[in-house]
Amino acid sequence: MRTMPFLDLPIVAAPMAGATTPRLVAAVSNAGGLGSLPVGYETPAAIHALIAQVRGLTARPFAVNLFVGTSVAVTAAELERAHERLRPYRAALGIPHPAQPPANALNFDEQFAAVLQARPAVFSFTFGIPEPWVLDACRSAGIFTIGTAKTADEAVALERVGVDAVCVQGYEAGGHHGSFLAPIEDSSIGTLALVPLAVDAVSIPVLAAGGIGDGRAVAAVLALGATAAQVGSALLLCEESGASPVYRRVLASDAVKRTTLTRVFSGRHARGVRNRFIDEMSGAAEIAPYPHQHWLTRDVRSAATAQGRPEYLSMWAGQAVALAKPLPAAAIVAALVADARAAAAAASGILVRAGQRA
Ligand SMILES: Cc1cc2nc3c(=O)[nH]c(=O)nc-3n(C[C@H](O)[C@H](O)[C@H](O)COP(=O)(O)O)c2cc1C
């Protein structure tokens, strides 16, 4: 039962909006894992174009990933306050403060329609449970679905609505955290605890995500009962990664020793490298709920990237990102598997020797 037919190797590349490129998706799928194309911030036209680019580079299956869940209502006054709070950062970067708060330009139904039309082998999602018609449409089209859970309860909720597999995301994970049933404080479970809890709670395949930095952690999550490891940060420095030069520079520095969960950039909790913007904005009352804060801070983040100013940039990364290597993605996937075999053999050796002494 715990199988995923399209996986030759038990490795899924996490969808990483802002870092994954079509080349990275194709490289991981070509290497025998499953590449994942994040399109949560893309228009339907861009979704079609990106999927076509991946298809130009691989004939193998890959996943396409969207954000689901309802957008929290926000008043014009709340938006204006959150927008105004960003004025000093725009001034520091020398960019104009728009007269109107930048608004969310995307619509899930339209994004999903584009995904459905393209019919990828796998549709993965985070932040909640899609409406039943979305899962029905995937089922009819033969698209395998993967939902994201931060607790065993969320894994059960996803299984109940007929999702084909669940990716459980531990506290260590880089990027946005996809909890949807309980507040983040009650959904912050480490991968080592979360995987067996989820594996015992559901009978669909469980993918493990969060802090899987090398083959040792791959072996660990497989031993915990996961069907595959979903790795994000381990691929951030790979040759095919779209991480900007300033982001790469910070990821390769000692700054990665301090990652934190923050909602200052998007209105939802995400793990990234701590910086001045996070320190100054944390606890501020003027942070709009997701996704509004994402759109409000977008020009600040873009300007910070262009100007090489990491102090104002969201730099999503997990707690094990210091293990990331600047190699081709295929080499990273191969090393994850080879090192997992070695780690499993070493663990097995310890257990066998212990048995002989007993
Ligand atoms: C830069 C970055 C962007 C991310 N974007 C997405 C995304 O678009 N969709 C999603 O489901 N998860 C996203 N995630 C979370 C990953 O799916 C995954 O849970 C996480 O990378 C696993 O932890 P790790 O980074 O420690 O390997 C992102 C993670 C990172 C690091």
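Scoring rules and cut-offs
Residues numbered from 1 in each chain as written. Predicted model: local features only at pLDDT ≥ 70, side-chain atom pairs only at ≥ 80, totals over all residues. Heavy atoms only, no water. Pairing = 2+ DSSP bridges. Helix = DSSP H or I, 4+ residues; strand = E, 2+ residues; numbered from the N terminus. Axes fitted to C-alpha atoms, helices over the stretch in contact; angles between N-to-C directions. Contact = heavy atoms within 4.5 Å. Buried < 20%, exposed > 50% of the residue type's maximum accessible area, 1.4 Å probe, protein only. 1 Å grid on protein atoms, 1.4 Å probe; cavity = no way out; pocket = protein on both sides within 12 Å on 5 of 7 lines; lining within 4 Å. Points joined across faces, edges and corners; volume = space filled by probe spheres on them. Arc of directions from axis to C-beta. Near = heavy atom within 4 Å. Polar contact = N/O pair within 3.5 Å; in protein donor to acceptor, adjacent residues only side chain to side chain. Nonpolar A, V, L, I, M, F, W, Y, C, P; charged D, E, K, R; others polar. Lys, Arg positive; Asp, Glu negative; His and termini not counted. Salt bridge = Lys/Arg side-chain N within 4 Å of Asp/Glu carboxyl O. Right-handed = clockwise from strand over helix to strand, strands pointing away.

1. Quick word on the sheet that holds strand β8 (residues 206-209)
- In space, the eight strands of this open sheet follow the order β1-β9-β8-β6-β5-β4-β3-β2, with parallel pairing throughout. At either end of the open sheet lies a strand with only one pairing partner, and these are β1 (11-13) and β2 (35-38). For this sheet, the mean angle separating the axes of adjacent strands, direction not counted, is 25°.
- As paired elements, β8 and strand β9 (residues 228-231) share three bridges and run parallel to each other. Its bridge partner lying in β9, Ala208 is registered against Ala229.
- Of the strands in this sheet, β2 and β3 (62-67) touch helix α2 (residues 44-57), which is tilted by about 160° from β3.

2. Structural notes on the environment of Thr227
- With respect to the helices, strands and loops of the structure, Thr227 is situated in the loop between α9 (215-223) and β9.
- Assessed through its relative accessible area of 15%, Thr227 is described here as buried.
- Considering only alpha carbons, one finds Thr227 and Ile204, 23 residues apart in sequence, at a separation of 9.5 Å.

3. Some thoughts on the layout of surface pockets
- By volume, the second largest pocket is sized at about 360 Å³.
- Lining the second largest pocket are 18 residues; nearest its centre among them are Val72, Ser179, Phe180, Gly267 and Arg268.

4. Points about the sheet that holds strand β11 (residues 270-273)
- Pairing is antiparallel in the open sheet, where three strands are placed in the order β7-β11-β10. With one partner strand each, in any of the chains shown, β7 (175-176) and β10 (259-262) form the two edges of the open sheet.

5. Notes on helix α5 (residues 108-118)
- Regarding α5, the residues found buried are Gln111, Phe112, Ala114, Val115 and Ala118. For α5, the buried positions fall inside an angular range of 155° around the axis, keeping them on one side.
- Next to the buried residues of α5 lie α2, β3, β4 (122-126) and α6 (132-141).
- Just downstream of α5, Arg119 is the residue with a positive phi angle, here 50°.

6. What to know about the site of the ligand
- Taken together, 23 residues lie around the ligand, and Pro15, Asn65, Gly211, Gly232 and Ser233 are the ones closest in.
- Separating a nitrogen atom of the ligand from a backbone N or O atom of Ala17 is a distance of 3.0 Å.
- A distance of 2.9 Å is found between an oxygen atom of the ligand and a side-chain nitrogen or oxygen belonging to Gln169.
- Per-class residue counts for the shell around the ligand are 11 nonpolar, 11 polar and one charged.

7. Some words on the side chain of Ser314
- With respect to the helices and strands, the residue Ser314 is situated in the loop between α12 (292-307) and α13 (329-357).
- By relative accessible area, which is 15% here, Ser314 ends up buried.
- Not counting residues up to four positions away in its chain, the partners in contact with Ser314 are Phe265 and Arg301.

8. Some points on unusual backbone geometry
- Going from Tyr290 to Pro291, the amide bond is cis rather than trans, its omega being 0°.
- In this structure, Pro291 sits in the loop between α11 (276-281) and α12.
- At Arg119, a residue that is not glycine, the phi angle is positive and equals roughly 50°.
- Relative to the elements of secondary structure, Arg119 occurs in the loop between α5 and β4.
- The backbone phi angle of Phe127 is positive, close to 85°, even though this residue is not glycine.
- Within the secondary structure, Phe127 sits in the loop between β4 and α6.

9. Topic: the side chain of Glu240
- With respect to the helices and strands, the residue Glu240 is situated in the loop between β9 and α10 (245-251).
- At 4.7 Å, Arg23 is the nearest oppositely charged side chain to Glu240, a buried residue that forms no salt bridge.
- Here Ala329 takes part through its backbone nitrogen, which lies 2.9 Å from a polar atom of the side chain of Glu240.
- Setting aside its immediate chain neighbours within four residues, Glu240 contacts Thr21, Arg23, Leu24, Ala27, Leu327, Pro328 and Ala329.

10. Observations regarding the pairing of strand β5 (residues 144-149)
- Counting buried residues in β5 gives six out of six residues, a clear majority hidden from the surface.
- Neither face of β5 is left uncovered, since the one carrying Phe144, Ile146 and Thr148 and the one carrying Thr145, Gly147 and Ala149 both have all their residues buried.
- Of the pairings in the sheet, the one linking β4 to β5 comprises three bridges and is parallel in character. Within β5, the residue paired with Phe123 across the bridge is Thr145.
- The parallel pair β4 and β5, bridged by α6, forms a crossover whose chirality is right-handed.
- In the sheet, β5 pairs with strand β6 (residues 165-169) via four bridges, with the strands oriented parallel. Across the sheet, Ala149 pairs through a bridge with Val168, a residue of β6.
- Taking the sense of rotation as the criterion, the β-α-β connection linking β5, helix α7 (residues 152-160) and β6 turns out right-handed.

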